[in-house]
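Structural overview
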Amino acid sequence: MSNRKSTLSVQYMTRIAILGALSAILFMIEIPVVAFYKLDVSTLPALLGAFSMGPWAGLGILLIKDLFGLLHSGTMYVGELADFIMGAAFILPAALIYRHKKSRKTALLGVITGTVAMTIVGVLVNWLIMIPFYMTAFGMPMESIIGMAQSAMPFVDTEWELLMYVTAPFNLLKGVVLSALTFLLYKRLSPLLHVRK
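Summarised in this report is the structure supplied together with it. (Residues numbered from 1 in each chain as written. Predicted model: local features only at pLDDT ≥ 70, side-chain atom pairs only at ≥ 80, totals over all residues. Heavy atoms only, no water.)

**Details of the overall build of the chain**
- Counting its secondary structure elements, the chain contains seven helices and two strands.
- The order of α-helices and β-strands along the chain, N terminus first, is α-β-β-α-α-α-α-α-α.
- Each principal axis of the C-alpha atoms in the chain carries an extent, and together these give about 60 × 35 × 25 Å.
- Buried residues in the chain amount to 44% of all 197 residues.
- Summarising the internal contacts of the chain: among those between residues at least 6 apart in sequence, 67% fall at separations of at least 24.
- Across the chain, the 15 positively charged side chains and the 9 negatively charged ones have centroids separated by 29 Å. (Helix = DSSP H or I, 4+ residues; strand = E, 2+ residues; numbered from the N terminus. Buried < 20%, exposed > 50% of the residue type's maximum accessible area, 1.4 Å probe, protein only. Contact = heavy atoms within 4.5 Å. Lys, Arg positive; Asp, Glu negative; His and termini not counted. Charge placed at Lys NZ, Arg CZ, Asp CG, Glu CD.)

In structure tokens, the structure reads:
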């Protein structure tokens, strides 16, 4: 029994480590969207891991990714902290709902809930952490930050409009992309993701 548990533990840790490394690689591939927001799909391996091995595995993969991110951080580690918080807001509700009853319906409900949670948390994280960080660390006045968004959305004039019309839609888009990729890949990769008991 002890050997069996040890084998299962090694299988879990191996999959978490592999998915964490893949997530860290994807973290370096970014697509500029608007202002200083760049889209990446590095949370995808964490979501796949959370669906197949549970929410704690997903958080472990997310943590590995962000710890690797610290090695080349351009935001004095604040960006990685924000990424972990927003990623967790997406993964935890999605994985917990799917774990309750594993079906396409609960998977869809999970990623929708996760997307909404990440969008809300993303607004709060940008408002309370990221925007104050850029203003303090890089000496950027609010006008400059808003100006970056105005090049794409001229009607954005205040911090509140930046959060509502840029930050929230960006995180909504990210959630939709991650959800679509999960539905596309999960069943195909399921035999590789699940730990055999």
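**A few points about the layout of surface pockets**
- The volume enclosed by the largest pocket comes to roughly 660 Å³.
- Secondary-structure elements contributing two or more residues to the lining of the largest pocket are β2 (37–39), α4 (78–100), α5 (104–137) and α7 (159–193).
- Considering every element that reaches the lining of the largest pocket, the biggest residue donor is α4, with six residues.
- Each residue belonging to the lining of the largest pocket can be placed in one class, and the counts come to ten nonpolar, nine polar and six charged.
- Size it by volume and the second largest pocket reaches roughly 210 Å³.
- Along its surface, the second largest pocket is lined by 15 residues, and L19, L22, L48, L189 and L193 are the ones closest to its centre.
- Going through the elements one at a time, α1 (2–27), α2 (44–53) and α7 are the ones with two or more residues in the lining of the second largest pocket.
- Of the residues assigned to the lining of the second largest pocket, the class counts are 14 nonpolar, no polar and one charged. (1 Å grid on protein atoms, 1.4 Å probe; cavity = no way out; pocket = protein on both sides within 12 Å on 5 of 7 lines; lining within 4 Å. Points joined across faces, edges and corners; volume = space filled by probe spheres on them. Nonpolar A, V, L, I, M, F, W, Y, C, P; charged D, E, K, R; others polar.)

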